[in-house]
Amino acid sequence: MESLATIDSRPARRKFSKPPVKVACLSCRTLRIRCDGENPCKNCVGKDASCSYVPSRRGGPRNCQNRKRRREPVSIPVVAKVPGADPTVQENDRSDTHTTDTEERRSQQSSSFEASVEQTSLSGSGFSSGIGSDDADWFHQLMDLSEPGAGLRNVEMPIAEIESIFDSIFAGEQGGTDIPDANVHFPMADLVQIYGSYGDILDAYYIFIHPYYPMLPQPERLPVYNRPLREKSTFHPSSPLSLAIASLLVLIPHPDEKDPSRPEYVKLRRDTAHSFAQAALEAIEVDSELVASSSDPSSALSEGVPQLDRDPFHPFVPVCLESVLALLLLSVYEYAQRGNINKMRNRAGQALTTAMSISLHETVEEDEFAEAKRRAWWMTYMAVCQGAIVSSVPPVFNVYDPRFVTPYPEGWKFLIESQQTILEATTFVHDLDQAAKNPYNTSWISQRMQELDSQITSILLLCKASSSSSMPQTPVVGLDSPEVAASKAMGYIAEIKLQSARIKTHRFNAFKDIPIFRRRHCDLEPVRGSASASNPAPAPAPAPAPAPATASITPSCCRMTIPPISSIPSPENSTSNSTSSSTSIPSIKFPFSSHASSKICLHAALSIVTLLDNLPYPNPTNEIPWTIPPYLSWNSRVEIPRTMPTFACCAMQSGYALLMLCFKARAFNRYNSSGAVDGSNTSTSSGSPPLNGFMNELQQNLRLVVRCLGNYSIAFEAMQGMRDEILGAVERGFGEFD
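- An unreviewed UniProt entry annotates the protein chain as Zn(2)-C6 fungal-type domain-containing protein originating from Aspergillus glaucus CBS 516.65.

Regarding the overall build of the protein chain
- Counting its secondary structure elements, the protein chain contains 24 helices and zero strands.
- Across the 738 residues of the protein chain, 46% fall into the buried class.
- For the protein chain, long-range pairs separated by at least 24 residues make up 73% of all intrachain contacts whose partners lie at least 6 apart in sequence.
- For the protein chain, the computed accessible surface area is about 37,000 Å², with 55% contributed by carbon and sulfur atoms.

Things to note about the UniProt feature "domain: Zn(2)-C6 fungal-type" (unreviewed entry) in the protein chain
- In the numbering adopted here, UniProt assigns the feature "domain: Zn(2)-C6 fungal-type" (unreviewed entry) to residues 24-53.
- With 40% helix and 0% strand, the stretch residues 24-53 has end C-alpha atoms that lie 7 Å from each other.

Quick notes on unusual backbone geometry
- Here the amide bond leading from Asn-39 into Pro-40 is cis, since omega sits at 0 degrees, within 30 degrees of zero.
- Here Leu-222 and Pro-223 are connected by a cis peptide whose omega angle stands at -5 degrees.
- If you trace the backbone, Pro-223 turns up in the loop between helix H9 (198-208) and helix H10 (240-249).
- In this structure, Asn-622 is a non-glycine residue whose phi angle is positive, near 55 degrees.
- The topology assignment puts Asn-622 in the loop between helix H20 (594-614) and helix H21 (648-673).
- Assessed through its relative accessible area of 22%, Asn-622 is described here as partly exposed.

Quick word on the pattern of salt bridges
- On inspection of all chains with the given rule, the structure shows 20 salt bridges.
- Here Arg-230 makes a salt bridge to Asp-256, at a shortest N to O gap of 2.6 Å. Of the two residues, Arg-230 is situated in the loop between H9 and H10 and Asp-256 in the loop between H10 and helix H11 (263-287); the sequence distance between them amounts to 26 residues.
- Judged by its relative accessible area of 25%, Asp-256 is partly exposed.

What to know about the side chain of Thr-646
- Relative to the elements of secondary structure, Thr-646 occurs in the loop between H20 and H21.
- Sequence-distant contacts of Thr-646, defined by excluding residues within four places in its chain, comprise Tyr-213, Val-332, Tyr-335 and Gln-386.

Quick word on the nonpolar core
- In terms of nonpolar packing, the biggest core is built from 149 residues, with Ile-209, Tyr-213, Leu-329 and Tyr-381 touching the most fellow members.
- If sequence neighbours within four positions are ignored, Tyr-381 has contacts with Phe-397, Val-399, Phe-404, Ile-416 and Gln-420.
- One finds Cys-28, Cys-41, Cys-44 and Tyr-53 within the second-largest nonpolar core, a separate group that totals eight residues.

A closer look at the confidence of the model for the protein chain
- Summarising the model, the protein chain shows a mean pLDDT of 74, and 64% of its residues fall at 70 or more.
- Residue range residues 169-188 is modelled with pLDDT below 50. Its contacts to residues more than four positions away, or to other chains, number 16 contacts.
- The low-confidence segment residues 530-586, where pLDDT is below 50, has 86 contacts with residues more than four positions distant or belonging to other chains.

Let's talk about the environment of Tyr-333
- Position of Tyr-333 relative to the elements: it lies in helix H13 (residues 322-336).
- Sequence separation between Tyr-333 and Ala-273 is 60 residues; the distance between their C-alpha atoms is 9.1 Å.
- Apart from the residues within four sequence positions on either side, Tyr-333 is in contact with Ser-247, Leu-248, Leu-251, Ala-273, His-274, Ala-277 and Arg-338.
- Only 3.0 Å separates the side chain of Tyr-333 from the side chain of His-274, close enough to count as a polar contact.

Quick word on the packing of aromatic side chains
- Within the structure shown, the criterion is met by 14 aromatic pairs.
- Plain terms: the ring middles of Trp-377 and Phe-404 are 5.0 Å apart, the flat faces sit at 65 degrees to each other, and that makes the pair edge-to-face. Of this pair, Trp-377 sits in helix H15 (residues 370-391) while Phe-404 sits in the loop between H15 and helix H16 (413-437), placing them 27 residues apart in sequence.
- Judged by its relative accessible area of 0%, Trp-377 is buried.
- For Phe-404, a relative accessible area of 11% translates into the label buried.
- Grouped by ring-pair contacts, the aromatic residues Trp-377, Trp-378, Tyr-381, Phe-397, Phe-404 and Tyr-408 constitute a single cluster.

A word on the packing of H11 against H13
- Between H11 and H13, the least distance of the axes is 10 Å, while the angle of their chain directions is 150 degrees. The angle between H11 and H13 falls in the class roughly antiparallel. At the point where H11 passes H13, the crossing takes the left-handed sense. Of the residues in H13, those in contact with Ala-273, His-274, Ala-277, Ala-280, Leu-281, Ile-284 and Asp-287 of H11 are Ser-323, Ala-326, Leu-327, Leu-330 and Tyr-333.

Side note on the packing of helix H14 (residues 341-357) against H15
- Remark: H14 packs on H15, axes separated minimally by 9 Å, with the N-to-C direction vectors making an angle of 150 degrees. On the basis of the axis angle, H14 is roughly antiparallel to H15. In this structure, H14 meets H15 at a crossing whose hand is left-handed. Residues Ile-341, Met-344, Arg-345, Ala-348, Ala-351, Leu-352, Ala-355 and Met-356 of H14 touch H15, and the partners they reach there are Trp-377, Thr-380, Ala-383, Val-384, Gln-386, Gly-387, Val-390 and Ser-391.
- By residue class, the composition of the contact of H14 with H15 is 11 nonpolar, four polar and one charged.

Rules used throughout
Residue numbers here run from 1 along each chain, matching the order of that chain's written sequence. The model is predicted, so local features are restricted to residues of pLDDT at least 70 and side-chain atom pairs to those at 80 or more, both for listing and for counting; the totals for chains, interfaces and linings are taken over all residues. To obtain the side-chain values, all non-hydrogen atoms of the structure were used and water was disregarded. Under the DSSP-based scheme used, a helix requires at least four consecutive residues in state H or I and a strand at least two consecutive residues in state E, with every element numbered from the N terminus. Only protein chains enter the area calculation, which uses a 1.4 Å probe; residues under 20% of their type maximum are buried, those over 50% are exposed, and those in between are partly exposed. Contact between two residues is taken to exist if any of their heavy atoms lie within 4.5 Å; hydrogens are not considered. Note on areas: Shrake-Rupley with a 1.4 Å probe; residue coverage comes only from the protein chains shown. UniProt positions are given in the numbering used here, feature names are shortened, and annotations may be inferred rather than shown by experiment. By definition here, a salt bridge exists when the distance from a side-chain nitrogen of Lys or Arg to a carboxyl oxygen of Asp or Glu is within 4 Å. Here, nonpolar core refers to any group of buried Ala, Val, Leu, Ile, Met, Phe, Trp, Tyr and Cys residues whose side-chain atoms link them within 4.5 Å. Residue-level confidence of the predictor is what pLDDT reports, using numbers from 0 through 100. Counted as a polar contact is a pair of N or O atoms within 3.5 Å, where, for protein atoms, one must be capable of donating a hydrogen and the other of accepting one, and residues adjacent in sequence contribute only when both atoms are in side chains. Within 6.5 Å between ring centres, the rings of Phe, Tyr and Trp (the latter by its six-membered ring) count as paired, and their orientation is classed by plane angle as stacked under 30 degrees, edge-to-face over 60, tilted in between. Axis definition: a line fit to C-alpha positions, over the contact stretch in the case of helices; interaxial angles, taken between N-to-C directions, run 0 to 180 degrees. By the definition adopted for this analysis, an angle is roughly parallel if under 35 degrees, roughly antiparallel if over 145, roughly perpendicular if from 65 to 115, and oblique otherwise. Note: crossing handedness is left-handed where the near helix turns anticlockwise from the far helix by less than a right angle, and right-handed where it turns clockwise. Here the nonpolar group is Ala, Val, Leu, Ile, Met, Phe, Trp, Tyr, Cys and Pro; Asp, Glu, Lys and Arg are the charged ones; every other residue, Gly included, is treated as polar.

Here's what the structure looks like:
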């Protein structure tokens, strides 16, 4: 057995390097981390979070009461040996144990025990004379570990803390009868991403919006962090640009939200975003107001432009540009969140009118605001083009107007050219559809298709060469600044648009534009009579009788039956003018075979999927994420959503091409496995390669498209419709989809 000298020389051991504080702040309680008790504490200072305290009745560390309870059986005999103690008083104390408060009695006994240990150690008598108070604590901790339940966390919550949480959740329910202390801040029951200053809104813009929509110059300082409020604030943004940014940021779930898909939480974000959007529109109207219009309308016509005297939202963005930029963001909001294409085009049109009224389209001077003006103009230009693309109507201006002389921002050339190209491809699809309906003059189609394909190929090669020389072709997951992330993302987006333009150019020749979606998306027409013809799955509802073999190709494809062989071109039976044999468009001549166009669509669709998957994710913490996709916070399992899905129609083009290739591959597989219909091509089935691997590859890429659209739909509700369209088409054709 160790000697007393050995025990006495043993270093003192404690459970904590510092004793726990009596009260921890609300933030540390929520995160279950140790608080230092300061105001503000170090944890809140490091996270730039609000630090507030609620009074506690515990009076000290959580394990003190447990240790006192465990010491209770030995406290009575030890107290009897305390010098000067009155036996009568001790007897009375023992006789009154059943009538006094339990917690008070335990506290008194434990205090007596500690006093006795100290008195005994000072007197130098007994075993305790060789053990100090630190060793006594260490000894009792060892004893505690041998008892039942050792190491389990005490989950008791004092009534004071329960009442404070109750009051914070149901505040105001009793008509404000209980007025809380003004110095105590309670957390909100439902947290949304709102901010406490213009600087915090600007930082959040650079994290969530700028990588995909870089309409502002690069940030003044780095790094930038996301600092959404966790408590109520009196700050309310008022400028058009700050309100428009806030309307998009509030759609992103708060980092502390565990289940952002809850209907009530989705509605809360939707309503809050719309209130910000409406406030932004009102602020835009205020900015355009002339003072004389209210006081002296007769002189308002000669007053000129409105005078704005507020501070700029960004130091290098003049105040006169804020309304233009706010309208651009509201255009994206109407498209991605509300699904209102008409309002999307209206907002973009308003931005165009305002931009041209202040001559942004002919800004060539070099000053401190030159970069902001260039970005504002070309973002407006692309927004108007995008409105024409998604609605399949001609743009409201001449895309190549010689008056547009504002230089491109650095690195934007290919992005703008890709937008022009996909607009031309959309116009080609519209004209081709009209020619198919009235095939009187179709001689222009062949030359225009060749020119458009050459234009796409040349820009795509230059874009890839520029991207490979400036950055590696890998996903953006590091600690890139917002401007670097935006530069990389613009390269991906430009390629996505060019590949989508290629699908648009060859889609009619490859697939006859057979509709497979229930609703119209961009220039993809919906299935006619989708309630019957487009729903082949054996649903509980009664299904109509199968269409005969001579039915139109639209319901035949959607039912996944084998279409006529003339409508499924293959390398064996395709020629450069293969579509001339089609009964639907007999007079149109294409410069590509249907097989060649199908292969072009295949490569373009696969490229779009890869590029979509490589787009960067927001990095609100400026840390290298542990998972891809990253989560909203360390204690969350919700993906961080990408934002600004202005090019989501490109994902639909990719999904359409992949689905049509799946249908064609499956039809060929059935046709070849059964031999020729008339029995004249039986050798084809024995010589054809298996298509399972090809089908699996297509379906895997469809899963990626669904996943990318699903990520966008975390923040933007309208994107859920696109995701559901592709997912529904896959499930109707191939069964359940993981």
